[in-house]
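Each chain is listed here by its residues.
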Amino acid sequence: MNRLLSIELQKIWKNRASKVLTITYFVLLTFIALFAAIKFDIGPFKLHLANEGIFNFPYIWHFNTYFAAILKIFLAVVIVSMMANEYSYGTLKQNLIDGMSKKEFIQSKFITVVLFAGVSTLFIFIVSLILGLQFSSFNEVAIIFSDLEYLVAYFVKLVGFFSFCLFLGILIKRSAFALGFLLFWNIIEGIIIGVLNFKIFPDSDTADYITQFLPLESMSNLIVEPFTRLKFVKSIGTQVGIENIKDYSVHPTNVIIVLAWTAIFIFLSYKIIKKRDL
């Protein structure tokens, strides 16, 4: 396993574009701290996000993982490019000539996916812990380490998404087309969700039950938006008579669905490599 991982990391680090994108991704993750400096002062309306509880424990785990997940596209580009380069530079064929099996090749890619997701999760944990200890109104140990399931959901979400990107990179071979298909599939899922919700099942929960099994939608469902949990948003909702009954928790069902898609993507990736004439 160490040998396979070492080979993949060398390929990524020797590629300038991949190295820049990876570094940029982790630099941008640290910019979450800039939310503490955001202030709005418009007449009687005053808003300082740091004072609205976005860095309070345990809410910070929800807020930071949600926003960090938006930046995953940077590593997605790295993963797709990683596969495209295998074909462009002939390294895949050379690895097989040197004795690496096709199964080991897929294993090396999946290990890299898990590593990216794991390092990203650890990074968010450290950044969130530092911000929380500095700004949170609640510093009891039991509160600090509650709701850590958002970190688990974040890790699973990244592994699932990167596995999808890996599959597209293997299937399509060219990074630009693979990323284009990723965007296209996102639009297709949006259309399916819209049709089911507003045309076929407008007055029931059937559409939500069906769409939860779509790959990108299932990943999105792992961590729902955190904005409506903020104090000032709840206050506005109360004033206009809107009761917030949204469920913000991480559901095991959603985790299982994403893990199932991950297994499917990796299995299909192996099947493609196994059958393809390289």
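Residues numbered from 1 in each chain as written. Predicted model: local features only at pLDDT ≥ 70, side-chain atom pairs only at ≥ 80, totals over all residues. Heavy atoms only, no water.

Lay out the pattern of salt bridges with the relevant residues and their values.
One pass over the structure, following the stated rule, counts 1 salt bridge. The shortest N-O distance in the salt bridge between K109 and E86 comes to 2.5 Å. With K109 in helix α6 (residues 102-135) and E86 in helix α4 (residues 73-88), this residue pair connects regions lying 23 residues apart in the sequence. Both residues of the pair, K109 and E86, belong to the buried class. (Salt bridge = Lys/Arg side-chain N within 4 Å of Asp/Glu carboxyl O. Helix = DSSP H or I, 4+ residues; strand = E, 2+ residues; numbered from the N terminus. Buried < 20%, exposed > 50% of the residue type's maximum accessible area, 1.4 Å probe, protein only.)

Help me get a handle on the packing of α4 against α6, residues and values and all.
Orientation of α4 relative to α6, taken along the N-to-C sense of each, is 165 degrees, at an axis distance of 11 Å. Between α4 and α6, the angle falls in the class roughly antiparallel. Seen along the crossing, α4 lies across α6 with a hand that is right-handed. Judged by residue contacts, L75, V78, I79, M82, M83 and E86 of α4 engage F105, K109, T112, V113 and F116 from α6. Taken together, the residues that form the contact of α4 with α6 break down as 8 nonpolar, 1 polar and 2 charged. (Axes fitted to C-alpha atoms, helices over the stretch in contact; angles between N-to-C directions. Parallel < 35°, antiparallel > 145°, perpendicular 65-115°, else oblique. Left-handed = near helix turned anticlockwise from the far one by under 90°. Contact = heavy atoms within 4.5 Å. Nonpolar A, V, L, I, M, F, W, Y, C, P; charged D, E, K, R; others polar.)

Explain the packing of helix α11 (residues 215-222) against helix α13 (residues 252-275) residue by residue, including any values.
At a minimum axis separation of 9 Å, α11 and α13 run at an interaxial angle of 140 degrees. Of the possible angle classes, the one that applies to α11 and α13 is oblique. In this structure, α11 crosses over α13, and the sense of that crossing is left-handed. Packed against α11, whose contacting residues are P215, S218, M219, N221 and L222, the element α13 presents N254, V255, I257, V258, W261 and F265 at the interface. Residue composition of the contact of α11 with α13, by class: 8 nonpolar, 3 polar and no charged.

Explain the nonpolar core residue by residue, including any values.
The biggest cluster of nonpolar side chains holds 65 residues, and the ones touching the most others in it are Y25, L29, I79, Y154, F161, F162 and F164. Counting residues per element, this core draws most heavily on helix α8 (residues 149-172), which supplies 15 residues. Filtering out sequence-adjacent residues up to four positions away, F161 remains in contact with K72, A76, L182, L216 and M219. (Core = buried A, V, L, I, M, F, W, Y, C linked by side-chain atoms within 4.5 Å.)

Please set out the packing of aromatic side chains residue by residue, giving values where relevant.
Under the criterion given, the structure shown has 17 aromatic pairs. Ring centres of F55 and F135 lie 5.5 Å apart, and the angle between their planes is 35 degrees; this geometry places the pair in the tilted category. Remark: F135 occurs in helix α6 and F55 occurs in the loop between β2 (45-48) and α3 (59-70); sequence separation between them is 80 residues. We classify F135 as partly exposed; its relative accessible area is 30%. (Phe/Tyr/Trp six-rings, centres within 6.5 Å; stacked < 30°, edge-to-face > 60°.)

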